[in-house]
Amino acid sequence: MFESWWRVLKRQWRYLNRLDTLATVQKLVAFYAEQHNKHLPHAAFHGQTPDEMYFGTGVDIPKQLAAAKVAARQARLAGNRSLRCQSCSQSVAAIN
């Protein structure tokens, strides 16, 4: 797990920033660790951040995400079903 975290850290920060001093490296690693733990949701935690899992503050997040997924799907279906192309509208009008 740590190897995966380190690989992501290298790709997202090491190759994008100049690491000319030890202080810069320490600052960037501290920033990344804070972002990773407090702000980045993880699929393994069903959308919760590591801090939410550890402290138990994100218990409702998987339910909220599931409800949002259902609502988004219903909105997408309703939007797609309401679309009509010019050719189809003319065909339906000719039949009636």
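Here is a short report on the structure shown in this document. For clarity, every value in this text was computed on a predicted model and none was experimentally measured.

Topic: the overall build of the protein
Here is step 1 of the chain: The secondary structure content of the protein amounts to five helices and zero strands.
Here is step 2 of the chain: Beginning at the N terminus, the succession of helices and strands in the protein can be written as α-α-α-α-α.
Here is step 3 of the chain: The burial tally for the protein puts 10% of its 96 residues in the buried class.
Here is step 4 of the chain: In the protein, of all internal contacts separated by at least 6 residues, the share reaching a separation of at least 24 is 9%.
Here is step 5 of the chain: Looking at the protein as shown, the accessible area adds up to about 8100 Å², and 59% of this sits on carbon and sulfur atoms.

Some points on the side chain of T49
Here is step 1 of the chain: By the element assignment, T49 lies in the loop between α2 (22-38) and α3 (50-55).
Here is step 2 of the chain: If we ignore the near neighbours within four places in the chain, the residues touching T49 are N37, K38, H39, L40, P41 and H42.

A closer look at the packing of aromatic side chains
Here is step 1 of the chain: Under the criterion given, the structure shown has one aromatic pair.
Here is step 2 of the chain: Measuring from centroid to centroid gives 4.9 Å for Y54 and F55, while their planes differ by 85°, and the two rings are edge-to-face. You'll find Y54 and F55 in the same group, each marked exposed.

Comments concerning the side chain of H36
Here is step 1 of the chain: Tracing the chain through its elements places H36 in helix α2.
Here is step 2 of the chain: Judged by its relative accessible area of 14%, H36 is buried.
Here is step 3 of the chain: In this structure, H36 is in contact with W5, H42 and P50, ignoring residues within four places of it in sequence.

Here we look at unusual backbone geometry
Here is step 1 of the chain: At H46, a position not held by glycine, the phi torsion is positive, near 55°.
Here is step 2 of the chain: As for its position among the elements, H46 is in the loop between α2 and α3.
Here is step 3 of the chain: By relative accessible area, H46 is classed as exposed at 56%.

Section: α2
Since the α-helix turns once every 3.6 residues, residues separated by three or four places project in the same direction.
Here is step 1 of the chain: Here α2 contains 17 residues, and its C-alpha end-to-end distance of 24 Å stays within 8% of the 24 Å for a straight helix at 1.5 Å per residue.
Here is step 2 of the chain: Among the residues making up α2, those that are buried are L28, Y32 and H36. All buried residues of α2 project into a common sector of 65° when viewed along the axis, lining one side. Along α2, exposed side chains directed more than 90 degrees from the buried face belong to L22, A23, Q26 and K27.

Considerations on the environment of E52
Here is step 1 of the chain: Examined against the element boundaries, E52 turns out to sit in helix α3.
Here is step 2 of the chain: Residue classification places E52 among the partly exposed residues on the basis of a relative accessible area of 21%.
Here is step 3 of the chain: Here the alpha-carbon distance between E52 and H39, two residues 13 residues apart in the chain, equals 9.5 Å.
Here is step 4 of the chain: Apart from residues no more than four positions distant in its own chain, E52 is found in contact with G47, T57, G58 and I61.

What counts, and where the lines are drawn
Throughout, residues of each chain are indexed from 1 in the direction in which the sequence is written. The predicted nature of this model means local features are confined to residues of pLDDT at least 70 and side-chain atom pairs, given and counted, to a pLDDT of 80 or more, with totals for whole chains, interfaces and linings taken over all residues. Hydrogens are left out, water is left out, and the side-chain values use all remaining heavy atoms of the structure. A run of H or I in DSSP counts as a helix once it spans at least four residues, and a run of E counts as a strand once it spans at least two, with each numbered from the N terminus. Classification of residues uses two cut-offs on accessible area relative to the type maximum, computed with a 1.4 Å probe and protein chains only: under 20% is buried, over 50% is exposed, and between them is partly exposed. Whether two residues are in contact is decided by their heavy atoms, any of which lying within 4.5 Å being enough. Here the Shrake-Rupley method, with its probe set to 1.4 Å, supplies the accessible areas, and only the displayed protein chains count as covering residues. Note on aromatic contacts: the rings of Phe and Tyr and the six-membered ring of Trp form a pair at centre separations within 6.5 Å, being stacked when their planes are under 30 degrees apart, edge-to-face when over 60 apart, and tilted otherwise. What a helix should span is 1.5 Å times the count of its residues minus one. The arc in question is traced by the directions running from the helix axis to the C-beta atoms.

From the geometry alone we can't say anything about function, so treat these as descriptive.
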